[in-house]
Amino acid sequence: MVASFLASLVEFVEALTIVLAVGTVRGWRPALTGAFAGVLLLAVLVALFGPLLTKVPLNWMQVVVGVLLLLFGMRWLRKAVLRSAGLIALHDEEKEYEKETKEMRSAGKARGYWDTVAVMASFKAVVLEGLEVVFIVIAIGAAGKMLYPATVGALVALALVVALGFLLHRPLSNVPENALKFTVGVLLSAFGTFWVGEGFGFAWPGEDLALLPLIASYLVTAVICVYIGRALIAEEGAS
Amino acid sequence: MNIIKGILQELFSLFIDDVAFSAAVVAWVVIAGVGMKAAVPLVYAGAVFAAGLYLLLIFGTVRRAKVLVAKRGKG
């Protein structure tokens, strides 16, 4: 539930930035219509694929989902490490908001009853950011038999982001996005490693408790990578 | 059509942003699945598998970091 909540928080904050920009420039009705349609599509995907995947033999499910979680988790973790090392820029929600606002203004006035530009921009943002949430919910749900806790984690994050969006009416730029992505990357890489091992029949000492040293080891490895990255920058600066 | 293309591209990029790194991870998983049980006692197999992934993470990240540092040097 924690991994699902944290990952969902990051993605929904990014979607909120775009929906806010669309709503501010082109109106709240098309922005919220597009967002709602996006959330509905994501819910249908979870409802369809979540229970379907539990019908696949568990060993195969664990290996396939484990590999996907490894690729996904390590992608997030590598990017978070490179951002922490200062090698790529931190994600800036205020900049994204300004960029999206400019795009919405330059798209021209709405024609007819529905502002399709605004509806589609909002819909696309929610679906594209939400696909990562759907994957995490389904993966954790299928391989770890935790579909309901994973779904609850995602829904709590959605409710929190929507509530903050309504209250503040501006991008949530104070959310420590890179720290969250670092944490989720560590967790998903550890889960992926564990489930691939389970699928292959490896005997993890302590069974589920083996997740704790896996999480700790990924964290240490990632911190080592951050220090190496910073050392490379310092070396380049000195030469 | 653009939205469908965007969604498919997003789905692909969820898992793969560095083809070489992703291929190395998948290759290690295949090696682990095929060879680990024969080569290593099952109680150590998980630790060996995980250690391989940590090394891949370090080498893959350092490789990417060197490319980024080199770009900074040129730019």
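Just so we're clear, the structure is a prediction, and the values are computed from it rather than from any experiment.

1. A short note on the overall build of chain B
On a plain count of helices and strands, chain B comes out with three helices and zero strands. Residue burial in chain B is summarised as follows: out of 75 residues, 35% are buried. When the accessible surface of chain B is split by element, carbon and sulfur atoms take 72% of a total near 4500 Å².

2. Examining the overall build of chain A
When its secondary structure is counted, chain A shows eight helices and zero strands. Listed by position from the N terminus, the elements making up chain A come as α-α-α-α-α-α-α-α. For chain A, buried positions account for 52% of its 239 residues. Summarising the internal contacts of chain A: among those between residues at least 6 apart in sequence, 86% fall at separations of at least 24. With the model as given, the accessible surface of chain A reaches about 11100 Å², and the carbon-plus-sulfur share is 70%.

3. A look at the packing of aromatic side chains
Applying the stated criterion across every chain yields a total of seven aromatic pairs over all chains. Arranged with centres 5.5 Å apart and planes meeting at 25 degrees, the rings of A:F191 and A:W195 form a pair that is stacked. Of the two residues, A:F191 and A:W195 both sit in helix α7 (residues 177-200), four residues apart, roughly one turn of that helix. With relative accessibility at 15%, the residue A:F191 sits in the buried group. Ring pairing ties together the aromatic residues A:F72, A:W76 and A:F135, which thus form one cluster. Across from the ring centre of B:F21, 4.2 Å away, lies the NZ or CZ of A:R78, which sits over that ring. Over the ring of A:W76 we find A:K181; its NZ or CZ atom is 5.1 Å from the centre of that ring.

4. Some thoughts on the pattern of salt bridges
Residues and elements named next belong to chain A. Under the defined criterion, the tally for this structure stands at two salt bridges over all chains. Put simply, E14 and K181 hold a salt bridge, and the shortest N to O gap is 3.3 Å. Note that E14 is positioned in helix α1 (residues 2-26) and K181 in helix α7, a separation of 167 residues in sequence. Among the residues examined, K181 registers a relative accessible area of 12% and is labelled buried. Notably, a salt bridge pairs R75 with E132, separated by 3.3 Å at the nearest N-O pair. With R75 in helix α3 (residues 58-84) and E132 in helix α5 (residues 116-144), this residue pair connects regions lying 57 residues apart in the sequence.

5. Some words on the interface of chain B and chain A
It is common to report an interface's size as the accessible area lost on association of the parts. Tallying the contact residues gives 41 residues for chain B and 42 residues for chain A. Carbon and sulfur atoms supply 80% of the area buried between chain B and chain A, which totals about 3700 Å² over both sides. Summed over the shared surface of chain B and chain A, the result is zero salt bridges. Those elements that place two or more of their residues in the side of chain B that touches chain A are α1 (2-15), α2 (19-39) and α3 (42-74) of chain B.

6. A word on the side chain of A:E11
Structurally, the position occupied by A:E11 is in helix α1. Although A:E11 is buried, it makes no salt bridge; A:K181 carries the closest opposite charge, 4.3 Å away.

7. Quick notes on the side chain of A:T193
Note on placement: A:T193 falls in helix α7. At a separation of 2.7 Å, a polar atom in the side chain of A:T193 contacts the main-chain carbonyl oxygen of A:S189. Setting aside residues no more than four positions away along its own chain, A:T193 makes contact with A:L70, A:W204, A:L214, A:Y218, B:F49, B:A50 and B:L53.

8. Points about α3(A)
Residues and elements named next belong to chain A. With 27 residues, α3 ought to run about 39 Å at 1.5 Å a step, and its terminal C-alpha atoms sit 37 Å apart, in line with that. Across the 27 residues that make up α3, a large majority, 20, are buried. Positive phi shows up at G86, right after α3, with a value of about 90 degrees.

9. Quick notes on the environment of A:P205
Summarising the element assignment, A:P205 is placed in the loop between α7 and α8 (211-238). Given a relative accessible area of 52%, A:P205 falls into the exposed group. For the pair A:P205 and A:I228, spaced 23 residues apart in sequence, the C-alpha separation works out to 31 Å. The residues contacting A:P205, other than those within four sequence positions of it, are A:A210 and B:V43.

10. Considerations on the packing of α1(A) against helix α2 (residues 28-53) of chain A
Two packed helices can be described by the angle between their axes and the distance between those axes. Residue and element names in this part refer to chain A. One can describe the packing of α1 onto α2 by two numbers: an axis separation of 7 Å at closest approach and a directional angle of 155 degrees. Relative to α2, α1 is oriented roughly antiparallel. Side by side, α1 and α2 meet where V19, L20, V22, G23, T24 and R26 of the first sit next to W28, P30, A31 and A35 of the second. Looking at the contact of α1 with α2 residue by residue, the classes come out as seven nonpolar, two polar and one charged.

11. A look at the confidence of the model for chain B
Do not read the predicted coordinates in detail wherever pLDDT is low. All names here are of chain B. For chain B, the average pLDDT comes to 81, and 77% of its residues sit at 70 or higher. Looking over chain B, one finds the lowest element-wise mean pLDDT in α1, namely 67, and the highest in α3, namely 87. This complex was scored by the predictor with a pTM of 0.79 and an ipTM of 0.83.

Reading the values: the criteria
- In this numbering scheme, every chain counts its residues from 1 along its sequence in written order.
- Both sets of labels track the order of writing: A upward for chains, 1 upward for ligands.
- Thresholds applied to this predicted model are a pLDDT of at least 70 for local features of residues and 80 or more for the giving and counting of side-chain atom pairs; totals over whole chains, interfaces and linings are not thresholded and use all residues.
- Here the side-chain values reflect all heavy atoms present in the structure, with hydrogen atoms and water set aside.
- Per the convention used, a helix needs a DSSP run of H or I reaching at least four residues, while a strand needs a run of E reaching at least two, with both numbered from the N terminus.
- Relative accessible area decides the class of each residue, using a 1.4 Å probe on protein chains only: under 20% of the type maximum gives buried, over 50% gives exposed, and in between gives partly exposed.
- Areas reported as accessible are Shrake-Rupley estimates using a 1.4 Å probe. Residue values count occlusion only from the protein chains shown.
- The contact criterion used throughout is that any non-hydrogen atoms of two residues lie within 4.5 Å.
- Aromatic rings from Phe, Tyr and Trp, taking only the six-membered ring of Trp, are treated as a pair when their centres fall within 6.5 Å; an angle between ring planes under 30 degrees marks them as stacked, one over 60 as edge-to-face, and anything in between as tilted.
- Two limits define a charge over a ring: the Lys NZ or Arg CZ must be within 6 Å of the ring centre, and within 35 degrees of the ring normal.
- Should a side-chain nitrogen of Lys or Arg be within 4 Å of a carboxyl oxygen of Asp or Glu, the pair is scored as a salt bridge.
- Take the accessible area each of two parts loses on contact, using a 1.4 Å probe, and add the two losses: that sum is the buried area.
- In summary, the charge assignment counts Lys and Arg as positive and Asp and Glu as negative, without counting His or the chain termini.
- What qualifies as a polar contact is a pair of N or O atoms within 3.5 Å, subject to a donor-acceptor requirement within protein and to the restriction that residues adjacent in sequence count only when both atoms come from side chains.
- A helix's residues, less one, multiplied by 1.5 Å, set its expected span.
- Lines fitted to the C-alpha atoms define the axes, with helices restricted to the stretch that makes contact. Angles between their N-to-C directions range from 0 to 180 degrees.
- For classification purposes, angles smaller than 35 degrees are called roughly parallel, those larger than 145 roughly antiparallel, those between 65 and 115 roughly perpendicular, and all remaining angles oblique.
- Residue type decides the class: Asp, Glu, Lys and Arg count as charged, Ala, Val, Leu, Ile, Met, Phe, Trp, Tyr, Cys and Pro as nonpolar, and the leftover types, Gly among them, as polar.
- Scored from 0 to 100, pLDDT records how confident the predictor is in each individual residue.

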